[in-house]
Amino acid sequence: MENIKMLSYRFLLEAQFKELNIPIEQLEAVLEKQDIILAAYSAAESIQGAMPADVWPEVLEGMRQNDGISVVCDDFTAILYSDDLCYGKKLHTIYHELGHIKAKHKRSGKVRFAENEEQEREAEAFAYYTVAPPCILHEIGGMSDCVLARLTGLDSKSAAEAYRLLEEDRQDRLLATEKQLILQYSGYIKSNQAGECRSPQLTVFGLAAAIVVACILLGLYLNNSKSDVPDIITIPITKVTEMEPVTVTKVTAKELEQIVWKAETGDVYHTDPNCYYIPKNAVTMYLDEAIAVGYRKCKDCE
Ligand SMILES: [Zn+2]
Ligand SMILES: [Zn+2]
């Protein structure tokens, strides 16, 4: 499921989301940029004209049977979701369908219903990783399924499942993608960290700021007592209290290359996540690690 998680993280990076629990309209705008139409069942007829005519009966049947469907044709990709779902379920359903699309799951018809158990598991994993990204939640800390439900809008049953995935996802070293994602969500992470973690931090910074102020005052005093013409004094207070990087770097293809995919056994690594030869159960690792161990680069990846 590691490559599914990476698919999910790459989507969150591309989307430039900076918090969990994002409004459906915002998700709709992001998907539109990726040429994926997102619409509620009640609006399905308004996009009927955009899809090949022979698909429509399949769509109607799909909507009758499911909370969400995805439609993938040559020039048309859409995710449709039931109007009757609560917010958490809507988000979950949409991301489940997006998981099928991102993982390029093959299907028999143009409209997707549940067909293949493994594909359904992957789509579910994509949904959980996207709604409740483990690297972000670990960074916030103090997680429980209640806190997770509050942050993500998932119902208690889904939150418990997301929490289980989170617990499975303990790592010593963060992948480059994860570091980028944490940077992107840094404001959100800070504002959701537990109170007991913040107060000592604030005290330390308060103390540091106080020391800086004291030094500046002392400097002013010494300067004045010399009765020379005082130098221009730059006060570095803002530098000290500024903790959060404001600029968020965009993902470039080059940065993504730092992660490579590899079959669990074997010694060839892939730099292109869409390489045909990456097996389903591929694991991700760092390019530097792959090189250090002496793995060979796939000839088909660029
Ligand atoms: Zn599915
Ligand atoms: Zn390859």
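How each quantity is defined
- Residues numbered from 1 in each chain as written.
- Chains lettered and ligands numbered in written order.
- Predicted model: local features only at pLDDT ≥ 70, side-chain atom pairs only at ≥ 80, totals over all residues.
- Heavy atoms only, no water.
- Phe/Tyr/Trp six-rings, centres within 6.5 Å; stacked < 30°, edge-to-face > 60°.
- Helix = DSSP H or I, 4+ residues; strand = E, 2+ residues; numbered from the N terminus.
- Buried < 20%, exposed > 50% of the residue type's maximum accessible area, 1.4 Å probe, protein only.
- Lys NZ or Arg CZ within 6 Å of the ring centre and 35° of its normal.
- Core = buried A, V, L, I, M, F, W, Y, C linked by side-chain atoms within 4.5 Å.
- Domains from an automatic or database assignment.
- Contact = heavy atoms within 4.5 Å.
- Salt bridge = Lys/Arg side-chain N within 4 Å of Asp/Glu carboxyl O.

Colleague: Looking at this model, I keep getting lost on the packing of aromatic side chains. Mind explaining?
Modeller: What describes a pair of aromatic rings is the distance from one ring centre to the other and the angle between the planes of the rings. Summed over the entire model, instances satisfying the criterion amount to four aromatic pairs. An angle of 70 degrees between the planes, with centres 6.0 Å apart, marks the rings of Phe11 and Tyr95 as edge-to-face. Of this pair, Phe11 sits in helix α1 (residues 2-15) while Tyr95 sits in helix α4 (residues 87-102), and the two are 84 residues apart along the sequence. The same class applies to Phe11 as to Tyr95, namely buried. Aromatic rings pair up to connect Phe11, Phe17 and Tyr95 into one cluster. Against the face of Tyr295 rests Lys262, its NZ or CZ located 4.5 Å from the ring centre.

Colleague: What am I meant to see in the nonpolar core here?
Modeller: The nonpolar side chains of a soluble globular protein tend to be buried with one another. Phe11, Phe17, Leu27 and Tyr95 are the most contacted members of the largest nonpolar core, which totals 58 residues. Counting residues domain by domain, this core receives three or more from each of domain 1 (2-188) and domain 3 (257-297). Filtering out sequence-adjacent residues up to four positions away, Phe11 remains in contact with Phe17, Leu27, Val30, Leu31, Gln34, Tyr95, Leu98, Lys102, Phe126 and Thr130. Residues Tyr41, Trp56, Val59 and Met63 belong to the second largest nonpolar core, which totals 15 residues.

Colleague: Explain the pattern of salt bridges to me, please; I cannot follow it from the model alone.
Modeller: Pairs may arise between side chains of opposite charge once their charged atoms sit close together. On inspection of all chains with the given rule, the structure shows eight salt bridges. Across the pair Arg121 and Glu117 runs a salt bridge whose closest N-O atoms are separated by 4.0 Å. Here Glu117 and Arg121 lie together in helix α5 (residues 117-131), a separation of four residues that amounts to about one turn. For Glu117, a relative accessible area of 65% translates into the label exposed. The salt bridge partner of Arg164 is Glu161, with a shortest N-O separation of 2.9 Å. Highlighted residues: Arg164 and Glu161, both in helix α8 (residues 156-167), separated by three residues, approximately one helical turn. Accessibility expressed as a relative area gives 41% for Arg164, which makes it partly exposed. Judged by its relative accessible area of 28%, Glu161 falls in the partly exposed class.

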